Amino acid sequence: MRWLYRLLLVLLFGFLPLPILVVAVSSFTSSGYFTLPLASLSWRWYLEFFTDPQWLGLLAVSAGIALLVAFISTSVALLAALVLDRSRIRGSGIIEALIMLPLVFPNAALGVAFLGLLGLLGVSGSYLGIVLAHCIITLPFAYRPILNSLRKLDPALGEASMSLGARPAQVLRTVTLPMLKPGLITAFLFCFIVSFDEATITVFLVAPDVNTLPVRILTQIQESASPVIAAIATFLIVFTLALVLLLERTVGLEMFAAPERDH
């Protein structure tokens, strides 16, 4: 049974990256369509991606949106974690549940809901609407690591600083925030990754002159099967994997574990 269990694990974890490997290998084809095995290796489609102003423009737009969303979500999550963890307000559990609620609903359902809500606000089909929607869906990814990092702090450090004459704002700036750096970095990078790669919800919010790179990839797949899509997808996979590895090497991924206050 032990060997069977190990065999099943090997087959499972070997099968999961198989579609990614197929896409990565097919991106080096020299022909104008997807083909395996490859007749010859070529960088043709990567050169097309990195020399096409439209693709590069969408890449810049998606990166800009992701940076703005990561900054806003991390800031809001920091304020929410400070208030809910340090003050004993009624309904804090309900507020935390609302923050984590986007993780419960399917992305397609959220896309329809955002479409109606942003239409009522008059920002549907705009970059502002996409930013607002992305901030909501990335907030749980920012709140959890910041809350975990905050609950690992010793409250006596802040109390000692205040007893020496430091004001609450000074304690936050000089004591709390520097010690929250691992949680803040984790929150920022994960919000960036989620926003940068988001397509299912964003496809409901784009307009003819408002688009992002992941949504354009989806529409391009429907229009044609150009291997440039495989090249772009491989680039995004490598880029995202690099960010996750950077996060793991710098602060680790344990910030997403269940929060427990250290004693």
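Refer to the preceding data block for the structure.
Residues numbered from 1 in each chain as written. Predicted model: local features only at pLDDT ≥ 70, side-chain atom pairs only at ≥ 80, totals over all residues. Heavy atoms only, no water.

Caption draft 1: Looking closely at the packing of helix 7 (residues 127-151) against helix 10 (residues 181-197). The interhelical angle for the contact between helix 7 and helix 10, taken along N-to-C directions, is 160°, at an axis separation of 8 Å. The angle between helix 7 and helix 10 places the two elements in the roughly antiparallel class. The handedness of the crossing between helix 7 and helix 10 comes out as right-handed. Residues His-134, Thr-138, Phe-141, Ala-142, Pro-145, Ile-146 and Ser-149 of helix 7 form the contact with helix 10, whose own contacting residues are Gly-183, Leu-184, Thr-186, Ala-187, Phe-190, Cys-191, Val-194 and Ser-195. Here the contact of helix 7 with helix 10 is composed, by residue class, of 9 nonpolar, 6 polar and no charged. (Axes fitted to C-alpha atoms, helices over the stretch in contact; angles between N-to-C directions. Helix = DSSP H or I, 4+ residues; strand = E, 2+ residues; numbered from the N terminus. Parallel < 35°, antiparallel > 145°, perpendicular 65-115°, else oblique. Left-handed = near helix turned anticlockwise from the far one by under 90°. Contact = heavy atoms within 4.5 Å. Nonpolar A, V, L, I, M, F, W, Y, C, P; charged D, E, K, R; others polar.)

Caption draft 2: Structural detail: the nonpolar core. Counting residues in each nonpolar core, the largest one holds 38 residues, and the members touching the most others are Trp-55, Tyr-143, Leu-213 and Ile-232. Broken down by secondary-structure element, the contributors of at least two residues to this core are helix 3 (44-51), helix 4 (53-86), helix 5 (92-100), helix 7, helix 10, helix 11 (213-223) and helix 12 (228-250). With 11 residues, helix 4 is the largest single contributor of residues to this core. Excluding its chain neighbours within four sequence positions, the residues that come into contact with Trp-55 are Phe-49, Leu-213, Arg-216, Ile-217, Gln-220, Val-228, Ile-229 and Ile-232. Counting 14 residues, the second-largest nonpolar core is a separate cluster that includes Val-69, Leu-110, Val-123 and Ile-201. (Core = buried A, V, L, I, M, F, W, Y, C linked by side-chain atoms within 4.5 Å. Buried < 20%, exposed > 50% of the residue type's maximum accessible area, 1.4 Å probe, protein only.)

Caption draft 3: Structural detail: the environment of Ala-77. Among the structural elements, Ala-77 can be located in helix 4. Other than its neighbours up to four places away in sequence, Ala-77 contacts Leu-139, Ala-142, Tyr-143 and Ile-146.

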